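A look at the structure
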Amino acid sequence: MPTKIWANSADAHVMEPEGLWKERMPADLADRMPRSEKIDERTERIHVDGLSFERPLPIDPIISEEDMEFGGLAARGRKAGGRARDLFYPPGWNDPHRRLGDLDHEGIWAEIQYPSIGLWNGLIRDPVLYRQGVKVFNDWLKEAFVDVSPRYVPAAEISTRSVEDALSEVQRVADMGFKAVNVAVELPSDVAPWYAKEWEPFWAALQDLGLVVASHIGSAPPEISEGTANTLGVMHHGPGGAVRNYVEHCFSVQRFATMMVSSGILDTHPGLRVLVSEGGASWIPFIADRMTEAYRQHGVFVRPKLSRLPDEIIYEQVYASFQHDRSAVQAYTGMGYKNVAWGSDYPHMEGTYGHTQKTLHELFDDVDEATRYRITQGAFLELFPHVGEPPGDLQ
Ligand code: MN
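Figured I'd write up the structure that's included with this text. Nothing here was measured: the structure is a model prediction, and the numbers come from that model.

Taking 1.5 Å of rise per residue, the 15 residues of helix 12 (residues 283-297) would be expected to cover 21 Å, and the 21 Å separating its terminal C-alpha atoms lies within 8% of that figure. When we look at burial in helix 12, the residues that qualify are W283, I284, P285, I287, A288, M291, T292 and Y295. Where helix 12 is buried, its residues touch helix 10 (241-262), strand 11 (274-277), helix 13 (310-317), strand 12 (318-322) and helix 14 (326-335).

This part takes up empty space enclosed by the protein. Tallying each qualifying case throughout the model produces two cavities of 30 Å³ or more. As a volume, the largest cavity reaches approximately 200 Å³. Around the largest cavity, the lining is made up of 18 residues, and of these G122, Y130, E157, A184 and S219 lie nearest the centre. Taken together, the residues of the lining of the largest cavity break down into ten nonpolar, six polar and two charged. A volume near 30 Å³ is recorded for the second largest cavity. For the second largest cavity, the full set of lining residues is R131, V134, K135, D165, S168 and E169. Among the elements of the structure, helix 7 (127-146) and helix 8 (163-175) are those that each provide at least two residues to the lining of the second largest cavity. Split into classes, the residues belonging to the lining of the second largest cavity amount to one nonpolar, one polar and four charged.

So, on to the pattern of salt bridges. Overall, the coordinates contain 18 salt bridges when judged by the stated rule. R326 serves as the salt-bridge partner of D366, at 3.6 Å between the closest nitrogen and oxygen. Pair noted here: D366 is in the loop between helix 15 (356-364) and helix 16 (369-383) and R326 is in helix 14, with a separation of 40 residues, a long-range link. Residue classification places D366 among the exposed residues on the basis of a relative accessible area of 57%. A salt bridge links E362 to K358; its shortest N-O distance comes to 3.1 Å. Of this pair, E362 and K358 both sit in helix 15, four residues apart, roughly one helical turn. Salt bridges here are not isolated pairs; linked through shared partners, they connect R32, D49 and D126.

Another aspect to go through is the sheet that holds strand 12. Picture the strands of a sheet paired through backbone hydrogen bonds; they go either parallel or antiparallel. If you trace the eight strands from one edge of the open sheet to the other, you get 1-5-6-7-8-11-12-13, paired in parallel fashion. Single-partner strands in this sheet number two, and they are strand 1 (7-9) and strand 13 (340-342). Averaged over all adjacent pairs, the angle separating strand axes in this sheet is 25°, with direction ignored. Relative to strand 11, strand 8 (residues 212-216) is paired through four bridges, and the arrangement is parallel. Looking across to strand 11, one finds that V213 is bridged to V274.

What follows deals with unusual backbone geometry. The residue after R303, namely P304, is reached through a cis peptide bond having omega -10°. Note that the residue after Y346, namely P347, is joined by a cis bond; omega there is -5°. Within the secondary structure, P347 sits in the loop between strand 13 and helix 15. Positioned with a positive phi, E278 is a non-glycine residue whose angle comes to about 75°.

Parameters at a glance
- Residues numbered from 1 in each chain as written.
- Predicted model: local features only at pLDDT ≥ 70, side-chain atom pairs only at ≥ 80, totals over all residues.
- Heavy atoms only, no water.
- Helix = DSSP H or I, 4+ residues; strand = E, 2+ residues; numbered from the N terminus.
- Expected span 1.5 Å × (residues − 1).
- Buried < 20%, exposed > 50% of the residue type's maximum accessible area, 1.4 Å probe, protein only.
- Contact = heavy atoms within 4.5 Å.
- 1 Å grid on protein atoms, 1.4 Å probe; cavity = no way out; pocket = protein on both sides within 12 Å on 5 of 7 lines; lining within 4 Å.
- Points joined across faces, edges and corners; volume = space filled by probe spheres on them.
- Nonpolar A, V, L, I, M, F, W, Y, C, P; charged D, E, K, R; others polar.
- Salt bridge = Lys/Arg side-chain N within 4 Å of Asp/Glu carboxyl O.
- Pairing = 2+ DSSP bridges.
- Axes fitted to C-alpha atoms, helices over the stretch in contact; angles between N-to-C directions.

Structure follows, in structure tokens:
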């Protein structure tokens, strides 16, 4: 086993610069793009296209040495003087050139990148604002990441208010060198759902252009009531709330993967590849069995008929990323699910920054070389072959 394990990351995020919209859009539009306003130490207010709601900020306690060791955060915590807020962001979080240094240090070769504040884009109601906003965002992604290094694989944003707008942006970003499109796991209720016939040309275009459908947990539209939003972190309160909220996030991606298979979208577009990020991987064999049982035992009710069984489709066309889960490795070694891809979730707190090598060694020191290669590099390379292998002399 090599001392340093190199891995591609099937889950990472960019942080949008504060002035991004104001610098690149007319003021009346820029003001309505998603932004966060800090109310006090404990609360932020999110503003999107005339909507606004409060959500709690992570509290900023002094973290004990014990907690830091437990979370693998020791190195970051000591550097940050033990303040939780400062643990969140590694040195290169807002600088694409310094970020490469973080990746080298951690042993990450290439990474797919999702937005951060842009995870609220689904709340934009004005189609003009949505269309213009994603163009500005994608232009910035190209300049800041695509043009800086082939190791960066940002997922382009699309407007979901109009199929025509989504289609023209998909064509534009393919021409700009993007390899993936960020697809929310669910659409707002006033938009045709992903499986509606209106979206058929969208899936066909992604397949034809070779763009990966990149989906991230927490991307279902938030339900907003009484000025608070129940997604992107906070749905449950009380005992166990933090853990319940974290587990909750993975259910929406399971629904999304089930829909992509059972609706026939993946069957009729066999070249389409879906990456589901941050939701773990061992649920795929379970969902696969469950769908195939339904497809056979409830066959009389099942529409549409598929040319392959659901378990074959999900095993072949859906890829899933995880950070720490030991069961994800066993989904590959024990359940025959090959599309398991490791992810760092850089630069987020639940990710592996500061302890990536420790995590990779814990996961892979006792498995064979082929398993390690497949999960750390091979599955990702199937989706994004252009990133290539890390040079052999890299340490
Ligand atoms: Mn993530």
